[in-house]
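One letter stands for each residue in the lines below.
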Amino acid sequence: MVDNNLYRLYHGLMLPKIAHTDESLNYLQNFQVKDDDTFAVTYPKSGTTWMQEILPPLLNGGDLTSVQTIPNWDRVPWLEETQAPVLLDKLPSPRAIVSHMPCHLMPSSFFNSKAKVIYVARNPKDVLVSSFYFHKMANFLEDPGTFEEFTDKFLSGKVLFGKWTDHVKSWRNPELADRILYITYEEMLQDLREVLGRILNFLGRELSADALDRVVNNSTFKNMKTNTMSNYSLVPDVVLDQKKSNFLRKGIAGDWKNHFSPELNAKFTSVIQEEMKGSNIKFSWDNE
Ligand code: A3P
């Protein structure tokens, strides 16, 4: 049962009502994508906030002013959220925009544009753990219940933006060809500089070695945690209670090992493997 007070259904996907209105979803459908727009698309808890830190300086020649003075949700707005109509039309180009939408729910202008997409995937086991703690601290979401209960909801897609497997598969749309770059949260953790180099190359941009170092340094977990424009401390406790769990919580790969029993791990792995079968999508964590 979907809690109608907290969630709305949009094309079968559960979206939090606090951030999605009829107006914002209409705006999404009719949004006019520009050729020089860059989208960072994620399934929730896969590195969205990290991309909001990284993209502005990569697009503007390495200037960190916006990440130090403008909250992440204003500097790289969500395409589908309530503030989109207010923010996006005023945002100077080249715009960086984030979205959790599956590919088929992107506005039609997106498919007729040359706009680029960076799709960030994360090990779904760590996505689940991160989401579990997020549900504990976000007062606009229902209590996740036990970890096992929340795992069942996650696997059946009764969570924000539906099933992880559907999301990942939707963005392997061959129509996008070289307009999309696939990266993972784990690659960013392992070697952020290398991934930023790939993103710059994909976007046809360059930064000096010094400027790139500064972007890397600014977007480490440690430094983002102290950046009030990025750590969500500007959001009141009644909305996001960081006394329960920090938004920037652990920032590691493999925390799932502290949460999954062997039985739960076997069940989770077999459901995900079954749903990914035949997709030809391979991830570094497939055999974990
Ligand atoms: P954890 O809860 O596992 O710590 P999103 O922004 O999509 O909601 O994802 C949030 C997750 O990304 C959180 O994961 C958060 O800590 C992590 N994250 C954000 N910035 C990060 C960074 N610079 N380095 C590592 N992890 C980061």
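Computed from a predicted structure; not experimentally measured.

> How would you sum up the sheet that holds strand β6 (residues 180-184)? Please name residues and give values.
The strands making up a sheet associate through hydrogen bonds between their backbones, and the pairing can be parallel or antiparallel. Spatially, β4-β3-β5-β6 is the arrangement adopted by the 4 strands of the open sheet, whose pairing is parallel. Strands with a single pairing partner mark the edges of an open sheet, and in this sheet they are β4 (96-99) and β6. When the angles between neighbouring strand axes are averaged without regard to direction, this sheet yields 20°. Here strand β5 (residues 116-121) runs beside β6; their pairing, made up of 5 bridges, is parallel. Bridge pairing in β6 places Val 117 opposite Ile 180. Against the sheet, helix α2 (residues 48-59) contacts β3 (38-42), β4, β5 and β6, and its axis sits at roughly 165° relative to β3. Its contacts with the sheet place helix α11 (residues 192-203) against β3, β5 and β6, and it is angled at close to 175° to β6.

> Quick rundown of the environment of Ile 97? Include the residues and the values.
Tracing the backbone shows Ile 97 in strand β4. For Ile 97, a relative accessible area of 0% translates into the label buried. For the pair Ile 97 and Asp 37, spaced 60 residues apart in the sequence, the C-alpha separation amounts to 7.4 Å.

> Give me the site of the ligand: which residues, what numbers.
In the vicinity of the ligand there are 19 residues, among which Thr 48, Thr 49, Ser 130, Tyr 185 and Lys 250 approach most closely. Here Ser 219 contributes a backbone N or O atom positioned 3.0 Å from a nitrogen atom of the ligand. Here the ligand loses 97% of its free accessible area of 570 Å² to cover by the protein chains. It is α2 that provides the largest number of residues to the shell around the ligand, a total of 3 residues. Within the shell around the ligand, the residues separate by chemical class into 7 nonpolar, 8 polar and 4 charged.

> Describe helix α12 (residues 209-218), and please don't skip the residues or the numbers.
When α12 is considered as a whole, its buried residues turn out to be Ala 211, Leu 212, Val 215, Val 216 and Asn 218. Along the axis of α12, the buried residues cluster in a sector spanning 170°; they form a single face.

> Describe in detail unusual backbone geometry, supporting the description with residues and values.
The linkage connecting Ser 93 with the following residue, Pro 94, adopts the cis geometry, with an omega of 0°. In this fold, Pro 94 is placed in the loop between α5 (84-87) and β4. Even without glycine at this site, Lys 45 takes up a positive phi of about 75°. Structurally, Lys 45 can be placed in the loop between β3 and α2.

> Which residues make up the packing of aromatic side chains, and what are the values?
Overall, the coordinates contain 21 aromatic pairs when judged by the stated rule. Both rings, one in Phe 134 and one in Phe 247, keep their centres 5.8 Å apart while their planes meet at 90°; by these two values the pair is edge-to-face. Highlighted residues: Phe 134 in helix α7 (residues 124-137) and Phe 247 in the loop between α13 (221-226) and α14 (262-276), separated in sequence by 113 residues. There is no split in this pair, since Phe 134 and Phe 247 are both buried. Grouped by ring-pair contacts, the aromatic residues Tyr 43, Phe 132, Tyr 133, Phe 147, Phe 150, Phe 154, Trp 256, Phe 260 and Phe 268 constitute a single cluster. The ring of Tyr 185 has Arg 122 sitting right over it, with the charged end atom 3.8 Å from the ring centre.

What counts as what
- Residues numbered from 1 in each chain as written.
- Predicted model: local features only at pLDDT ≥ 70, side-chain atom pairs only at ≥ 80, totals over all residues.
- Heavy atoms only, no water.
- Pairing = 2+ DSSP bridges.
- Helix = DSSP H or I, 4+ residues; strand = E, 2+ residues; numbered from the N terminus.
- Axes fitted to C-alpha atoms, helices over the stretch in contact; angles between N-to-C directions.
- Contact = heavy atoms within 4.5 Å.
- Buried < 20%, exposed > 50% of the residue type's maximum accessible area, 1.4 Å probe, protein only.
- Near = heavy atom within 4 Å.
- Polar contact = N/O pair within 3.5 Å; in protein donor to acceptor, adjacent residues only side chain to side chain.
- Areas by Shrake-Rupley, 256 points an atom, 1.4 Å probe, with all protein chains shown as cover.
- Nonpolar A, V, L, I, M, F, W, Y, C, P; charged D, E, K, R; others polar.
- Arc of directions from axis to C-beta.
- Phe/Tyr/Trp six-rings, centres within 6.5 Å; stacked < 30°, edge-to-face > 60°.
- Lys NZ or Arg CZ within 6 Å of the ring centre and 35° of its normal.

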